[in-house]
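The primary structure of each chain is shown beneath.
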Amino acid sequence: MVAVALITACGSGGSASYEQTHSASQILADADLATISSRSYHVSIDETAESGPASAEVDVENGNVNGKIIESGIRTRIAHVNDQTFVYGSDLAQVLYLVNPRLGDVVNSRAHDTWVLVPPEMWKTGFSTALDFRKMSSCLKRLSGVSKKGASTISGQEAVELDDPARSQFYIQIAAPHNYLRVVFRTSHGCATDATARSQMITWSQYGATFHITAPTGYADLKDLGAS
């Protein structure tokens, strides 16, 4: 009788957890709200692009970005601060050799060891799309046929796994504010940040960190280099 009384008083199963009480669509909506509200984080991207393996490691803080992107064997160190985009000179030269060898030679000889301010179009047509997680999150929120697959651990954080009919996997932090911890697109997917990628894995960490991202000093301007 004492045991029965204790069970009745304390509850036999405890309160239901977040992943049990929320539907897949509710969890995706919570993750979308967290994405909109995220001020800073570190993100890693690994994908199979049309040209082969590609990857990125960047810090994001208040819309500013600092890190590197590797594609077609070329490492590109970038900094995007207050709507200005900078690429490290030696990296930029390698990119330019593919489209404008003359300008690549100029950058390599005059700005090899410094940052170079590049035209806004380079950010808008290239890097910004790859890092547009708000658009990705909004797309995921509208998916149908997503199901819950239980809880798992991603980078030491408890996450609920959601799967869609395309075998993609979305791992969302169980604890509030329910941030995305990892997204895995097994094949080409309409919500991927690279529409041409054959597969893509995105992993977030260090939410709320302070990265002190600032514009480089003593940089060269590609516009001036190209006119010389």
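What you see is a predicted model, and the numbers here were worked out from it, not measured in a lab.

Visitor: I keep staring at the pairing of strand S11 (residues 199–205) and nothing clicks. Help me out?
Guide: Where a strand is regular, its side chains alternate between the two sheet faces. The pairing of strand S1 (residues 40–49) with S11 spans 7 bridges and is antiparallel. Bridged to Thr48 within S11 is Ser199. As paired strands, strand S10 (residues 180–185) and S11 are joined by 4 bridges and run antiparallel to one another. The residue bridging Val183 from the neighbouring strand is Ile202, located in S11.

Visitor: Help me understand the packing of helix H4 (residues 89–96) against helix H5 (residues 101–110) in this model?
Guide: Where H4 contacts H5, the two axes come as close as 8 Å, and the packing angle between them is 165 degrees. Judged on the interaxial angle alone, H5 and H4 are roughly antiparallel. As H4 packs across H5, the resulting crossing turns out to be left-handed. Seen from H4, the contacting residues are Gly89, Leu92, Ala93 and Leu96; seen from H5, they are Pro101, Leu103, Gly104, Val107 and Asn108. Looking at side-chain class alone, the contact of H4 with H5 contains 6 nonpolar, 3 polar and no charged residues.

Visitor: Whenever I open this one, the sheet that holds strand S8 (residues 157–163) confuses me. Can you help?
Guide: Whether parallel or antiparallel, the strands of a sheet pair through hydrogen bonds between backbone atoms. Judged by pairing direction, the sheet is mixed, and its 12 strands sit side by side in the order S7-S8-S9-S10-S11-S1-S2-S3-S4-S5-S6-S12 without closing on themselves. Single-partner strands in this sheet number two, and they are strand S7 (147–154) and strand S12 (220–221). Across 4 bridges, the pairing between strand S4 (residues 74–81) and strand S5 (residues 84–88) is antiparallel. From the neighbouring strand, Ile78 faces S5, where its bridge partner is Val87. Of the strands in this sheet, S4, S5 and strand S6 (115–118) are in contact with H4, which crosses S4 at around 120 degrees.

Visitor: How should I be thinking about the state of the cysteines in this particular structure?
Guide: Such a bond, covalent and formed between the sulfur atoms of two cysteines, is termed a disulfide. Inspection of the entire model under this criterion finds 1 disulfide. Note on cysteine connectivity: Cys139 is disulfide-linked to Cys191, with sulfurs 2.0 Å apart. Negative torsions about the S-S bond denote left-handed disulfides, and the value of about -70 degrees found for Cys139 with Cys191 makes this one left-handed. Of this pair, Cys139 sits in helix H7 (residues 133–141) while Cys191 sits in the loop between S10 and S11, and the two are 52 residues apart along the sequence. Residues Cys139 and Cys191 agree in their burial class; the two are buried.

Visitor: Which parts of the structure should I look at to understand the packing of helix H3 (residues 24–37) against H7?
Guide: Pairs of packed helices are described in terms of their axes, by the angle between the two and the distance that separates them. Packing of H3 against H7 brings their axes to within 9 Å, and their N-to-C directions diverge by 165 degrees. Looking at the two axes, H3 sits roughly antiparallel to H7. Read as a crossing pair, H3 and H7 show a hand that is left-handed. Every residue of H7 that contacts H3 at Leu28, Ala29, Ala31, Asp32, Thr35 and Ile36 is listed here: Phe133, Arg134, Ser137, Ser138, Leu140 and Lys141. In terms of residue class, the contact of H3 with H7 is made up of 6 nonpolar, 3 polar and 3 charged.

Cut-off values and rules
Residues numbered from 1 in each chain as written. Predicted model: local features only at pLDDT ≥ 70, side-chain atom pairs only at ≥ 80, totals over all residues. Heavy atoms only, no water. Pairing = 2+ DSSP bridges. Helix = DSSP H or I, 4+ residues; strand = E, 2+ residues; numbered from the N terminus. Axes fitted to C-alpha atoms, helices over the stretch in contact; angles between N-to-C directions. Parallel < 35°, antiparallel > 145°, perpendicular 65-115°, else oblique. Left-handed = near helix turned anticlockwise from the far one by under 90°. Contact = heavy atoms within 4.5 Å. Nonpolar A, V, L, I, M, F, W, Y, C, P; charged D, E, K, R; others polar. Disulfide = S-S within 2.5 Å. Buried < 20%, exposed > 50% of the residue type's maximum accessible area, 1.4 Å probe, protein only.

All quantities given are derived from atomic positions and should not be read as evidence of function.
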